[in-house]
Amino acid sequence: MFELLFLLLPVAALYGYYMGRSSVRNKQENARNQQNHNYLRGVEYLLNKQDDKAVDRFIACLKDQDPSFESSLALGNLFRTRGEVDKAISLHERMIADESVDDSERETAQLELACDFLSAGLLDRAEQILLKAVEIPRQRAFAAKLLLKVYEREQDFNRAIEVALAYRDVLGSSGLRMLGQYYCEKASHLFASQQYEEASKAYRYAIETFPRSIRARLELASIYIKQNKLNEAYSLVKEVTAFDQNYGITCLALINECFPNKADPNYRFALESLVNSTHSAAAMVELVRIVSLDSGMVDAENLLLSFIKEKPNLKLFSALMGLRSKEGDPSANQAILQLKSLVDAQIAANYIYTCPHCGFESKMLFWQCPSCKRWESLKPKVGLDGD
């Protein structure tokens, strides 16, 4: 009997080994299934635009993995996206302190930590990291961009200009665009304090740096108008319409200031040029008004009808009702005026500017979108209820 038990020991050991391996495989398979489930559910939530739930699932998916440097980076980014910046900071600080990571990985983790500090509003701590990282050649471009964001948030545009100039070789065309905006920000502060010559110089630097700058031209034109340099101002407005036809309504306000005498034939020519280059409904309405004064109501109405045929728009319909209310039966005219007031109320309630990148809408023109922080992204709305 003892010999039989001795012979069964290898069998028992083999069976135990097999069952242990099977249990480990089952656990691994279950973990993989749970991980795949979290990933697929995350994708499903993402497709259904349920971003918060998607982020939760992806975080769960990454936590189920064996931690690697790449997965830890992804997890930290998701924490930051989720708004759990304290978790992102803690994770990235542990990655930096990990002696098993190499120098390039540690540098990457430090940049991610700077992003965490930037998101948390700890700008001085982000700046400390970035001033060191920007001297590392392989990290210079990304670190310089982050450093510019720090100075933007601090409204320290002199420092931002210094960084943009120092690293313009690695920042590329986007860096030149931002540098132009920083000069404009500096100029706008000088303009507000009535230092017109210094402000003009800064705006010219902006145009020299970023030749297609719409903002620099429009704001420099405003300075020229203050200085009664009306021809120079109008020249800048014409450059804007040549670069971007979407700014018709914005240019119209400046053209009104460039020609204080509305009986001046050059004012009508300027309006005609603005309409031809931008197809602005607001400019069309103003041109019709000038034609009614110069050539009479019949010519004005014919011109307006041609505009409506070309571009159906609430502003043009309102102008047509205004013309029609001046002729015919007084009781019918009253009804037309009531209808016109409803249309005008709708026009007044509409947003004027929109950002095509994030959808932000506003009745004021911001040169940096308050939502997505892109520069010169807001443009006048077009279409039936726009310009």
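Provided above is the structure to which this section pertains.
What counts, and at which threshold
- Residues numbered from 1 in each chain as written.
- Predicted model: local features only at pLDDT ≥ 70, side-chain atom pairs only at ≥ 80, totals over all residues.
- Heavy atoms only, no water.
- Helix = DSSP H or I, 4+ residues; strand = E, 2+ residues; numbered from the N terminus.
- Areas by Shrake-Rupley, 256 points an atom, 1.4 Å probe, with all protein chains shown as cover.
- 1 Å grid on protein atoms, 1.4 Å probe; cavity = no way out; pocket = protein on both sides within 12 Å on 5 of 7 lines; lining within 4 Å.
- Points joined across faces, edges and corners; volume = space filled by probe spheres on them.
- Nonpolar A, V, L, I, M, F, W, Y, C, P; charged D, E, K, R; others polar.
- Contact = heavy atoms within 4.5 Å.
- Polar contact = N/O pair within 3.5 Å; in protein donor to acceptor, adjacent residues only side chain to side chain.
- Phe/Tyr/Trp six-rings, centres within 6.5 Å; stacked < 30°, edge-to-face > 60°.
- Buried < 20%, exposed > 50% of the residue type's maximum accessible area, 1.4 Å probe, protein only.
- Lys NZ or Arg CZ within 6 Å of the ring centre and 35° of its normal.
- Axes fitted to C-alpha atoms, helices over the stretch in contact; angles between N-to-C directions.
- Parallel < 35°, antiparallel > 145°, perpendicular 65-115°, else oblique.
- Left-handed = near helix turned anticlockwise from the far one by under 90°.
- Core = buried A, V, L, I, M, F, W, Y, C linked by side-chain atoms within 4.5 Å.

Trainee: Go over the overall build of the protein chain with me, naming the residues and quoting the values.
Mentor: The helix and strand inventory of the protein chain stands at 18 helices and three strands. Surface summary for the protein chain: the accessible area is close to 21600 Å², and the carbon and sulfur share equals 55%.

Trainee: So what about the layout of surface pockets? Which residues, and what values?
Mentor: Taken as a whole, the largest pocket holds about 640 Å³ of empty space. Lining the largest pocket are 20 residues; nearest its centre among them are K149, E152, Q368, C372 and K373. Take the lining of the largest pocket: its biggest share by element is six residues, from helix α7 (residues 140-154). In terms of residue class, the lining of the largest pocket is made up of eight nonpolar, four polar and eight charged.

Trainee: If you had to explain the environment of H92 to someone new, which residues and values would you point to?
Mentor: The topology assignment puts H92 in helix α4 (residues 85-97). The sequence separation of H92 and A114 amounts to 22 residues, and the corresponding C-alpha distance is 9.6 Å. Leaving out residues up to four positions away in the same chain, H92 has contacts with L73, G76, R80, A109, E112, L113 and D116. Within the local environment of H92, its side chain forms a polar contact with the side chain of D116, the two groups lying 2.5 Å apart.

Trainee: Lay out the packing of aromatic side chains with the relevant residues and their values.
Mentor: Inspection of the entire model under this criterion finds eight aromatic pairs. Here the aromatic rings of F191 and Y196 are separated by 5.5 Å at their centres, their planes lie at 50°, and the arrangement is tilted. With a relative accessible area of 21%, Y196 lands in the partly exposed category. Through successive ring pairs, a cluster of aromatic residues spans F157, Y182 and W375. Here K262 stacks its cationic end above the ring of Y267, 5.1 Å away from the centre of that ring.

Trainee: Break down the packing of helix α11 (residues 214-226) against helix α13 (residues 248-258) for me, with residues and values.
Mentor: When two helices pack together, you describe them by how their axes are tilted relative to each other and by the distance separating the axes. α13 packs onto α11 with a crossing angle of 15° between their chain directions and a minimal axis gap of 10 Å. Here α11 lies roughly parallel to α13, going by the angle between them. Judged by the sense of rotation from one axis to the other, the crossing of α11 with α13 is left-handed. From α11, L218, A221, S222 and I225 reach across to α13, where they touch T250, C251, L254, E257 and C258. A per-class count over the contact of α11 with α13 returns six nonpolar, two polar and one charged.

Trainee: Describe the nonpolar core, naming the residues involved and giving the relevant values.
Mentor: Note on soluble globular proteins: their nonpolar side chains tend to be buried together. The biggest cluster of nonpolar side chains holds 98 residues, and the ones touching the most others in it are L130, L148, Y182, I255 and L304. Contacts of Y182, omitting those with residues within four sequence positions, involve L148, E152, F157, A160, I161 and W375.

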